[in-house]
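Survey of secondary and tertiary structure
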Amino acid sequence: QVQLVESGGGVVQAGGSLRLSCAASGGTFRSYTMGWFRQAPGKEREFVAYITRSGVYTSYGDSVKGRFTISRDNAKNTVYLQMDSLKPEDTAVYYCAADMVITSIPQEYDYWGQGTQVTVSS
């Protein structure tokens, strides 16, 4: 059983940056693909990024490509999401997730954090 705790959310002006962290415990962190997802009010959960177990391969949703960067530190059991050039449409609750398979489909992730709110003001 893996427990995930996100941190780093907050309020930022458009064009600004935030760095989210997700600390994992209770499992073998390096065994999991780690993903970031987001959900805005009234919308479905959206894929943001994932990173494979070794950190070699990453994938991004079209809406964040070129602005967000996912990374991981297996020694610290932590995955990060660096968010730059933020836009008001990036406002959402951001969740990290873990799974054994490599996937961008949220329904296929077994473990989820509680989420952290990111608000981008115009």
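Scroll up a little and you will see the structure.
Quick summary incoming for the structure in this document.

Criteria and cut-off values
- Think of each chain on its own: its residues are numbered from 1, step by step along the sequence as written.
- Restriction of local features to residues with pLDDT of at least 70 applies here, the model being predicted, together with a cutoff of 80 or more for giving and counting side-chain atom pairs; totals for whole chains, interfaces and linings are based on all residues.
- The side-chain numbers reported here are obtained from all heavy atoms of the structure, hydrogens and water having been left aside.
- Any carboxyl oxygen of Asp or Glu that lies within 4 Å of a side-chain nitrogen of Lys or Arg is treated as forming a salt bridge with it.
- Burial classes: relative accessible area under 20% of the type maximum marks a residue as buried, over 50% as exposed, and values in between as partly exposed (1.4 Å probe, protein chains only).
- Two rings belonging to Phe, Tyr or Trp (six-membered ring only in the last case) form a pair when the distance between their centres is within 6.5 Å. Interplanar angles under 30 degrees mark stacking, angles over 60 mark edge-to-face geometry, and anything in between is tilted.
- For a Lys NZ or an Arg CZ to count as sitting over a ring, it must be within 6 Å of the ring centre and within 35 degrees of the ring normal.
- A run of H or I in DSSP becomes a helix once it reaches four residues, and a run of E becomes a strand once it reaches two; helices and strands are each numbered from the N terminus.
- Any two strands with at least two DSSP-identified bridges between them are counted as paired.
- The criterion used for residue contact is that any of the two residues' heavy atoms lie within 4.5 Å.

Following the criterion strictly, the structure yields four salt bridges and no others. With its nearest N and O atoms 2.8 Å apart, the salt bridge here joins Arg 38 to Glu 46. With relative accessibility at 30%, the residue Glu 46 sits in the partly exposed group. Ionic contacts of the salt-bridge type, sharing partners, join the residues Arg 38, Glu 46, Arg 67 and Asp 90 into one network.

Right, let's get into the packing of aromatic side chains. Each pair of aromatic rings is reported with the distance of its centres and the angle of its planes. Inspection of every chain in the model, using the stated rule, returns seven aromatic pairs. Clustering of aromatic rings is evident, with ring pairs tying together Phe 37, Phe 47, Tyr 50, Tyr 95, Tyr 109 and Trp 112. Note that Arg 19 overlies the ring of Tyr 80, its terminal NZ or CZ placed 4.0 Å from the centroid. The ring centre of Trp 112 lies 4.7 Å from the NZ or CZ of Arg 45, which sits over that ring.

Attention now goes to the pairing of strand β9 (residues 92-99). Within β9, seven of the eight residues are buried, which leaves the element mostly enclosed by the surrounding structure. Examined bridge by bridge, strand β4 (residues 33-39) and β9 share seven bridges and lie antiparallel to one another. Residue pairing for β9: Trp 36 is matched across the bridge by Cys 96. Examined bridge by bridge, β9 and strand β11 (residues 116-121) share three bridges and lie antiparallel to one another. Bridge pairing links Val 93 to Gln 117 in β11. Where β9 meets strand β10 (residues 111-112), two bridges bridge the pair, whose relative direction is antiparallel. The partner of Ala 97 across the bridge, within β10, is Trp 112.

Let us now look at the side chain of Asp 90. Along the chain, Asp 90 turns up in the loop between β8 (78-83) and β9. For Asp 90, a relative accessible area of 0% translates into the label buried. Look past the residues within four positions of Asp 90 in its chain and what remains in contact with it is Arg 38, Arg 67, Phe 68, Ser 85, Val 118 and Val 120.

Once that is clear, we can look at the pairing of β8. In terms of burial, β8 is largely enclosed, as five of its six residues are buried. Both strand β3 (residues 18-25) and β8 contribute to a ladder of six bridges, which runs antiparallel. Directly across from Cys 22, in β8, lies its bridge partner Val 79. Pairing analysis gives six bridges linking strand β7 (residues 68-73) to β8, with the strands arranged antiparallel. If you follow Ile 70 over to β8, its bridge partner there is Leu 81. Where β7 folds back onto β8 in an antiparallel hairpin, the turn is made up of four residues, including Asn 77, whose phi is positive at roughly 55°.

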